[in-house]
Amino acid sequence: MRFHVLTLFPQSFPGPLADSMVGMACKRGLITIEVTDIRGYTHDAHGTADDYQFGGGPGMVMKPEPIFEAVESVLAHFEPADRDSAEVVLLSPQGRVFDQKMAEDLAKASSLVLICGHYAGVDERVRQHLITREISIGDFVLTGGELAAMVMIDAISRLVPGVVGSMENVTQDSISSGLLQHPLYTRPAQFRDLGIPEILRSGHHAEIEKWRRRESLRRTLERRPDLLETAPLTPEDLEYLGSLGFSRSNDAAEGHL
Ligand SMILES: C[S@@+](CC[C@H](N)C(=O)[O-])C[C@H]1O[C@@H](n2cnc3c(N)ncnc32)[C@H](O)[C@@H]1O
């Protein structure tokens, strides 16, 4: 998987992406993160990449020419088939909100071009004529798209086979599985006066799995009951949730059984 980040602040990268599993994945060649300085595609001695808004208003707007030329230059190095299927993403608080499902879809692409906006935003012609998707990482406004690009790269990278040790880890994660994950404990079994549930030390694998599933369901009901409407649930799950006072309102979700 190849990520191409276009930014006015290339020194922000790789930042935290150099560490831990994503950093290892880069070293092992499972993913690549290439960073292009948009300012390198400006045409004046000052490297002007932003300008005042037509019509007046606060804040500078990123000019279209450097962004178009930077994207075209990146795409020119792609194989023709990759160029046609490339996703060109504008990070923006106006985009569709990024979630695990979108991360899974984007992980299937061979290349992802991520345009980081800054200041008051980018010229509208970028949005209309250059990109294939506009993505927000949540309903809040950042000063620039760099952190948003890092969040997306991290979430998508861990879905690339080999990046996380076991794909089982990934599918059991909260949200990925459709539910929130059960509580996790590690050694020591006794920390100060804090113990762990005895069942986890019993060695009864089937009972441990049953406990984990119920904890996962209970926790999801407490914190994210919305997830239960579409989560893949068995009749046993529904019976347990029923005992906690929950019943699914969305009949269509029965198709997930
Ligand atoms: C201050 S914001 C501009 C917001 C713009 N004036 C608007 O109302 O849509 C500057 C840049 O930060 C990035 N950004 C801000 N919030 C974001 C979010 N929630 N998700 C993704 N990118 C975001 C975008 O690239 C945006 O162009």
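Rules and cut-offs
Residues numbered from 1 in each chain as written. Predicted model: local features only at pLDDT ≥ 70, side-chain atom pairs only at ≥ 80, totals over all residues. Heavy atoms only, no water. Pairing = 2+ DSSP bridges. Helix = DSSP H or I, 4+ residues; strand = E, 2+ residues; numbered from the N terminus. Axes fitted to C-alpha atoms, helices over the stretch in contact; angles between N-to-C directions. Contact = heavy atoms within 4.5 Å. Near = heavy atom within 4 Å. Polar contact = N/O pair within 3.5 Å; in protein donor to acceptor, adjacent residues only side chain to side chain. Areas by Shrake-Rupley, 256 points an atom, 1.4 Å probe, with all protein chains shown as cover. Nonpolar A, V, L, I, M, F, W, Y, C, P; charged D, E, K, R; others polar. Buried < 20%, exposed > 50% of the residue type's maximum accessible area, 1.4 Å probe, protein only. Arc of directions from axis to C-beta. Phe/Tyr/Trp six-rings, centres within 6.5 Å; stacked < 30°, edge-to-face > 60°. Lys NZ or Arg CZ within 6 Å of the ring centre and 35° of its normal. Core = buried A, V, L, I, M, F, W, Y, C linked by side-chain atoms within 4.5 Å. Domains from an automatic or database assignment. Patch = residues over 30% accessible without salt bridge, like charges linked within 9 Å, V, L, I, M, F, W, Y side chains within 5 Å. Salt bridge = Lys/Arg side-chain N within 4 Å of Asp/Glu carboxyl O.

Q: Help me understand the sheet that holds strand β5 (residues 87-97) in this model?
A: Pairing between sheet strands relies on hydrogen bonds along the backbone, with the strands arranged either parallel or antiparallel. Taken together, the five strands give an open sheet; going across it, the order is β2-β1-β6-β5-β7, and neighbouring strands pair in parallel fashion. Only two strands of the sheet have a single neighbouring strand rather than two, namely β2 (32-37) and β7 (133-136). Within this sheet the neighbouring strands show an average axis-to-axis angle of 35°, counted without direction. Examined bridge by bridge, strand β1 (residues 2-7) and β2 share six bridges and lie parallel to one another. Note that in β2 the partner of phenylalanine 3 across the bridge is isoleucine 33. Helix α2 (residues 64-76) contacts β1, β2, β5 and β6 (111-115) of the sheet and is inclined by roughly 160° relative to β1.

Q: How should the site of the ligand be read in this particular structure?
A: The ligand sits among 20 residues. The nearest are Leu91, Gln94, Gly117, Ala120 and Phe140. Between the ligand and the protein, one listed contact pairs a nitrogen atom with a backbone N or O atom of serine 92 at 3.3 Å. Within the contact set of the ligand, an oxygen atom lies 2.9 Å away from a backbone nitrogen or oxygen of glycine 117. When the ligand is considered free in solution it has 580 Å² of accessible area, and contact with the protein chains removes 82% of it. When residues of the shell around the ligand are traced back to their parent elements, those giving at least two are β5 and β7. Of the residues that constitute the shell around the ligand, the class distribution is ten nonpolar, ten polar and no charged.

Q: Quick question: what am I supposed to make of helix α10 (residues 235-243) here?
A: In an α-helix there are 3.6 residues to a turn, and that puts residues three or four apart on one side. Those residues of α10 that sit buried are Asp237, Tyr240 and Leu241. Buried residues in α10, looked at end-on, bunch into an arc of 100°, giving them a common side. Among the exposed residues of α10, those pointing more than 90 degrees away from its buried face are Pro235, Glu236, Glu239 and Ser243.

Q: Even after reading the chapter, I still don't get the packing of aromatic side chains, so can you show me in this structure?
A: Centre-to-centre distance and the angle between the planes together describe a pair of aromatic rings. Taken as a whole and judged by the stated rule, the model has zero aromatic pairs. Note that arginine 2 overlies the ring of phenylalanine 78, its terminal NZ or CZ placed 4.9 Å from the centroid.

Q: For this particular structure, what's the right way to read the nonpolar core?
A: Inside soluble globular proteins, nonpolar side chains tend to come together where they are buried. In this structure, Phe3, Phe98, Leu114 and Ile156 are the most contacted members of the largest nonpolar core, which totals 32 residues. At the level of elements, β1, α1 (20-27), β5, α4 (100-106), β6 and α6 (146-157) are the ones that each hand at least two residues to this core. With seven residues, the single largest contributor to this core is α6. Apart from the residues lying within four places of it in its own chain, the contact partners of phenylalanine 3 are Ile31, Thr32, Ile33, Glu34, Leu112, Leu114, Ile153, Ile156 and Ser157. Counting residues in hydrophobic clusters, the runner-up holds 21 residues, among them Leu8, Ala49, Met62 and Ala70.

Q: Just checking my understanding: could you explain unusual backbone geometry for this structure?
A: Glycine aside, residues mostly have negative phi, and peptide bonds are mostly found in the trans state. Proline 14 follows phenylalanine 13 through a cis peptide bond whose omega is 0°. Within the fold, proline 14 resides in the loop between β1 and α1. Arginine 187 connects to proline 188 through a cis peptide bond whose omega is 5°. Counting through the fold element by element, proline 188 comes out in the loop between α7 (167-172) and α8 (205-223). Look at isoleucine 175: it is not a glycine, yet its phi comes out positive at around 75°.

Q: Just checking my understanding: could you explain the domain arrangement of the protein chain for this structure?
A: Many analyses report the size of an interface as the accessible area lost when the parts associate. Partitioning the protein chain into domains gives domain 1 (2-157) and domain 2 (177-256). Just the C-alpha atoms count here: the centres of domain 1 and domain 2 sit 38 Å apart.

Q: Is there a simple way to explain a nonpolar patch on the surface in this structure?
A: A contiguous nonpolar surface patch, about 280 Å² in accessible area, is contributed by Phe140, Leu142 and Leu147. For phenylalanine 140, the location among the structural elements is in the loop between β7 and α6. With a relative accessible area of 44%, phenylalanine 140 lands in the partly exposed category.

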